[in-house]
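Residue-level listing of the chains:
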Protein chains: 2
Amino acid sequence: MSESGAAVRNTRQRSAVSALLGEMEGFHSAQDLHAMLRQRGERVGLTTVYRTLQGLADAGEIDVMRPPGGEHLYRRCSEGHHHHLVCRVCGRTVEVAGPAVESWADRVAAQHGYADVSHTLEIFGTCPTCPR
Amino acid sequence: MSESGAAVRNTRQRSAVSALLGEMEGFHSAQDLHAMLRQRGERVGLTTVYRTLQGLADAGEIDVMRPPGGEHLYRRCSEGHHHHLVCRVCGRTVEVAGPAVESWADRVAAQHGYADVSHTLEIFGTCPTCPR
DNA sequence: CGTGGCAACGATAATGATTGTCAAAAACGC
DNA sequence: GCGTTTTTGACAATCATTATCGTTGCCACG
């Protein structure tokens, strides 16, 4: 029972989910992704999709967004910390980085004695190509 | 049918919810608030609590937070736009204002042509009195 | 003061995403 | 190849929130 093994096995399903995310643009729900895999003929259970997405999110390889609609959305993102500017009509998303915001959040938290700080930030708007 | 009437009626239940929120510190879920009202002998339906909270939130009189736990939390907040610094252990919350962040978000959105901009920001950490 | 319209109420059922369960299958190390 | 352990996946359970729809009470006007 050594503690060495990460014990993360490389399965067909995991590869399929990861690969699919690699090709996709924008955000998709777990159920979306599951449906797409099915269409491709990949035989993957919905439960597994959820589990895989959670794992990838924990590992920091994908990003999770929780829009007011209540459905979790996942996306393969560029590395590093960043935020999203989302069109509330068509869903088009732009990644934005805000170093100033990061440091501001850390500073404010520290001022109040909070440790181990993280934060979530999302910007919503109507993108220029969408009818109002 | 002039356009004057807000058509928002002043009911016992609405007052009760509003009053309760006025006394409470911190965030509480809709179901929490409903249970408290029941304990007090106020006869208010759960549906009405949800509706009232939504109404108050729309009117900007209370704040909504959607923590990863999946339960919406409501709180009577100071006026104006601000954000929250929440202890992920004990839930203690501090209101923080960040004018710089507000303008940054608006500016970034505008740069990408996004209109009608809003945003959500929450900071999580471990507060000084909580064991790590 | 009485009445009518209309919004709010509220009990219940419906919704729907996510999580738990557990036997069967697959992957990795040797 | 073989055994062990993780992973899978179909299905059921959970649970907050929303829709439904008949009833109730507020409000304005006569």
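The structure reproduced in this document is the subject of the present report. The structure presented is a predicted model; accordingly, all values stated were derived computationally and were not measured.

### Describing the overall build of chain A
So, step 1. The secondary structure content of chain A amounts to four helices and six strands.
So, step 2. Mapped in sequence order, the helices and strands of chain A form the string α-β-α-α-β-β-β-β-α-β.
So, step 3. Along the first, second and third principal axes, the C-alpha set of chain A runs to 55 × 45 × 25 Å.
So, step 4. Counting every position in chain A, which comprises 132 residues, the buried fraction comes to 38%.
So, step 5. Put simply, of all contacts in chain A between residues at least 6 apart along the chain, 45% involve residues at least 24 apart.
So, step 6. Surface exposure of chain A reaches about 7,900 Å², of which carbon and sulfur atoms provide 48%.

### Concerning the relation of the copies chain B and chain A
So, step 1. For the pair chain B and chain A, the relating rotation is 180 degrees, the translation along its axis is 0.1 Å, and the fit reaches an RMSD of 0.3 Å. Here the symmetry operator amounts to a two-fold rotation axis. Within chain B, B:L121 has its C-alpha nearest the rotation axis, a separation of 2.2 Å.
So, step 2. Mapped onto chain A, 100% of the interface residues of chain B are again interface residues, and the two copies thus contact each other with one and the same surface.

### Re the nonpolar core
So, step 1. By size, the foremost hydrophobic cluster in this structure holds 28 residues, and its most contacted members are A:L85, A:W104, A:Y114, B:L85, B:W104 and B:Y114.
So, step 2. Mapped onto this core, the elements with two or more residues apiece are β4 (83-87), β5 (93-96), α4 (99-111) and β6 (115-126) of chain A together with β4 (83-87), β5 (93-96), α4 (99-111) and β6 (115-126) of chain B.
So, step 3. Beyond its immediate chain neighbours, meaning those up to four positions away, B:W104 contacts A:V96, A:A97, A:G98, A:V101, A:L121 and A:I123.

### A short note on unusual backbone geometry
So, step 1. One non-glycine residue, A:D116, lies in the positive phi region at around 60 degrees.
So, step 2. Relative to the assigned elements, A:D116 resides in strand β6.

Calculation criteria
Residues numbered from 1 in each chain as written. Chains lettered and ligands numbered in written order. Predicted model: local features only at pLDDT ≥ 70, side-chain atom pairs only at ≥ 80, totals over all residues. Heavy atoms only, no water. Helix = DSSP H or I, 4+ residues; strand = E, 2+ residues; numbered from the N terminus. Buried < 20%, exposed > 50% of the residue type's maximum accessible area, 1.4 Å probe, protein only. Contact = heavy atoms within 4.5 Å. Areas by Shrake-Rupley, 256 points an atom, 1.4 Å probe, with all protein chains shown as cover. Least-squares fit on C-alpha atoms with pLDDT ≥ 70 in both. Core = buried A, V, L, I, M, F, W, Y, C linked by side-chain atoms within 4.5 Å.

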